[in-house]
Amino acid sequence: MNKMRIHNFLAILILFTTILTANVLAAQFGLSPGLYVFEYDAQKGVQEELTFSLHAASDGDILVEVNVIDGLKEYVQVDKETLVFRRGEPGIVNVKVNIPPYLNLVGNQQARVEFAEKSSEEGLMVFTKTYRGIIQVRFPYPNEYIVIESLSPVHTGVGQNTIVNWQMQARGQQTTTVTSELNIKNEEGEIIFYEQIEPFYLSFNEIKQGTINIPSQDYLAGNYFVTINANSSDNQETRSATLKVGKEDIGLVSFNPRTFNVGEFFEFEFILENYWNKDFNNVYAVVSFDDVSMTTKTVSLNAFGKVKLIKQLIDLRKFEEGPIKGTLTVYFDQNTKDFDIELTGIIPEEEEEQKSPKIWLIIIIVTIIIIALILIVLFEKTNKEAKNKRV
């Protein structure tokens, strides 16, 4: 192996080692805020001074490179191109936005400030993680233009009425005449409610909010689909949302794993879902297989929310290989509900203790370094012998 080949091989080894090391040892950090939003003034443009903060979640210095990308990047300046920060000492990047007036742009435009973490090894630079802060600018449309900003049904329960809130904004330079309607469909796609909203006028950037009463007292429990359509003379907008009608009930979303090792304690987890539009504050479960049982801790379950109970333990050492049947009984407020659970006992194969991926990567890295050092020693020895022969 000649000198050039050895050097090329070593370079490849170093690059491979660097990439592995960067992926294993990449630092953790966060960015705030993630978004700035501005309205474009055609007469004045946009002039703003902003700040992005980087917060380290792991020890050690973090080096990031700062870049501006996307359509408005020529109007955005950052006060530094690289930044070093650490836990407890946030990194600060100051940003100047200077967008001139009378730009011929419409709709939402943006620039993104990109923070790319860099890991340096043997003169090579590897990017391991990237965060982006968004600077969004809303440009007006030339004529009439309506946008539905929000559609928010208020979830309810069986036998109760509810409301739907909506909000619209004019984004066109001309005063907008808005006509709109709202409908609700059941899960079969049938329209069960319809209301036409009285027309109204909005000038540029003006916002209109409204509330519609929904006679939902006869709706069955389940999901309903709310749609609002809005029209100006130059555009149409549609927005949809889900209305939940709940009942005083709880569901079992998942229970895992479904196998247990014979002769061992069984560790499991499960997820519960609240089907009601009210909170359950004293929720717990009893898991039982024959005369073996355990009781979980007590948790709260928000309206239409889910809760995950992890690292639950039950002693199944008495059970042999094969299927066993049990019950998970959930207690919520003054109610109880049973769920059937079936598990399969298996005899675990004797196998070597698994090592974590990080340990295996470290072993690979060390092995590569040792091979590189051996090659260097062999190369130096060969070089020395060749010189001695010439002498």
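Residues numbered from 1 in each chain as written. Predicted model: local features only at pLDDT ≥ 70, side-chain atom pairs only at ≥ 80, totals over all residues. Heavy atoms only, no water.

K.L.:
Whenever I open this one, the overall build of the protein chain confuses me. Can you help?
P.N.:
Scanning the protein chain from N- to C-terminus turns up two helices and 26 strands. Out of the 391 residues in the protein chain, the part that is buried amounts to 37%. Considering only residue pairs separated by 6 or more positions, the protein chain has 67% of its internal contacts joining residues 24 or more positions apart. Summing over all exposed atoms, the protein chain offers an accessible surface of approximately 23,000 Å²; the carbon and sulfur share of this is 49%. (Helix = DSSP H or I, 4+ residues; strand = E, 2+ residues; numbered from the N terminus. Buried < 20%, exposed > 50% of the residue type's maximum accessible area, 1.4 Å probe, protein only. Contact = heavy atoms within 4.5 Å. Areas by Shrake-Rupley, 256 points an atom, 1.4 Å probe, with all protein chains shown as cover.)

K.L.:
Is there a simple way to explain the sheet that holds strand β7 (residues 91-99) in this structure?
P.N.:
Strands belonging to one sheet form pairs held by backbone hydrogen bonds; the direction of such a pair is parallel or antiparallel. Read from one edge to the other, the open sheet built from four strands follows the order β1-β3-β7-β5, with strand pairing classed as antiparallel. Each end of this open sheet is capped by a strand with a single partner; those strands are β1 (29-32) and β5 (76-78). This sheet shows a mean twist of 20° between the axes of neighbouring strands, independent of strand direction. Pairing analysis gives three bridges linking β5 to β7, with the strands arranged antiparallel. Across the sheet, Gln77 pairs through a bridge with Lys96, a residue of β7. (Pairing = 2+ DSSP bridges. Axes fitted to C-alpha atoms, helices over the stretch in contact; angles between N-to-C directions.)

K.L.:
Before we go on, may I ask you to explain the confidence of the model for the protein chain in this structure?
P.N.:
Should the pLDDT be low somewhere, the predicted coordinates at that spot are not to be read in detail. Per-residue pLDDT for the protein chain has a mean of 86; in total, 84% of the residues score no lower than 70. Below a pLDDT of 50 lies the segment residues 351-355, which in the model reaches two contacts outside its immediate sequence neighbourhood of four places, other chains included. (pLDDT = per-residue confidence, 0-100.)

K.L.:
Any chance you could explain the pairing of strand β4 (residues 62-69) here in plain terms?
P.N.:
Each regular strand shows side chains that alternate between the opposite faces of the sheet. Of the two faces of β4, the one holding Ile62, Val64, Val66 and Val68 is buried and the one holding Leu63, Glu65, Asn67 and Ile69 is not buried anywhere. Here β4 runs beside strand β6 (residues 82-85); their pairing, made up of four bridges, is antiparallel. For Val64, the partnering residue across the bridge sits in β6 and is Leu83.

K.L.:
I keep staring at the sheet that holds strand β12 (residues 162-170) and nothing clicks. Help me out?
P.N.:
Pairing in this open sheet of three strands is antiparallel, and the strands run β10-β12-β15 from one edge to the other. The sheet is open, and its two edges are formed by β10 (146-153) and β15 (207-214), each paired on a single side. Shown here is a sheet whose adjacent strand axes are inclined to one another by a mean of 20°, direction ignored.

K.L.:
What is the right way to look at the packing of aromatic side chains in this model?
P.N.:
By the definition in use, this model includes 14 aromatic pairs. Here Tyr36 and Phe38 contribute two aromatic rings whose centre-to-centre distance is 6.3 Å and whose plane-to-plane angle is 5°, an arrangement assigned as stacked. Given the relative accessible area of 13%, Phe38 is considered buried. With 5.4 Å between their ring centres and 80° between their planes, Tyr36 and Phe52 make a pair best called edge-to-face. One end of the pair, Tyr36, is in strand β2 (residues 35-39); the other, Phe52, is in strand β3 (residues 46-56), and 16 residues separate them in sequence. Feature note: the residues Phe255, Phe260, Phe266, Phe268 and Phe270 constitute an aromatic cluster, connected by ring pairs. Between Lys208 and the ring centre of Phe200, over which it is positioned, the NZ or CZ distance is 5.6 Å. The lysine or arginine in question, Lys318, covers the ring of Phe319, its NZ or CZ lying 5.4 Å from the ring centre. (Phe/Tyr/Trp six-rings, centres within 6.5 Å; stacked < 30°, edge-to-face > 60°. Lys NZ or Arg CZ within 6 Å of the ring centre and 35° of its normal.)

K.L.:
Explain the pattern of salt bridges here, please?
P.N.:
Two side chains bearing opposite charge may form a pair once their charged atoms approach each other closely. Taken as a whole, this structure holds twelve salt bridges when the rule is applied. In this structure, Lys80 engages Asp79 in a salt bridge whose closest nitrogen and oxygen atoms are separated by 3.1 Å. Linking Arg86 and Glu89 is a salt bridge whose minimum nitrogen-to-oxygen distance equals 2.9 Å. (Salt bridge = Lys/Arg side-chain N within 4 Å of Asp/Glu carboxyl O.)

K.L.:
Would you take a moment to explain unusual backbone geometry for this structure?
P.N.:
What is expected of a backbone is that most residues other than glycine have negative phi and most peptide bonds are trans. Cis geometry marks the peptide bond from Ser32 to Pro33; its omega dihedral reads -15°. Mapped onto the secondary structure, Pro33 falls in the loop between β1 and β2. With an omega of -5°, the peptide bond running from Asn256 to Pro257 counts as cis. The topology assignment puts Pro257 in the loop between β18 (250-256) and β19 (259-261).

K.L.:
What should I look at first to understand the environment of Asn261 in this one?
P.N.:
Tracing the backbone shows Asn261 in strand β19. For Asn261, a relative accessible area of 27% translates into the label partly exposed. Those residues in contact with Asn261 that lie beyond four places of it in its chain are Ile346 and Pro348.

K.L.:
Could you clarify how one ought to interpret a nonpolar patch on the surface in this entry?
P.N.:
Among the surface-exposed residues, Ile362, Val366, Ile370, Ile374 and Leu378 lie close enough to one another that they form a single nonpolar patch of about 440 Å² accessible area. By the secondary structure assignment, Val366 is in helix α2 (residues 357-390). Of the residues examined, Val366 reaches a relative accessible area of 41% and is grouped as partly exposed. (Patch = residues over 30% accessible without salt bridge, like charges linked within 9 Å, V, L, I, M, F, W, Y side chains within 5 Å.)

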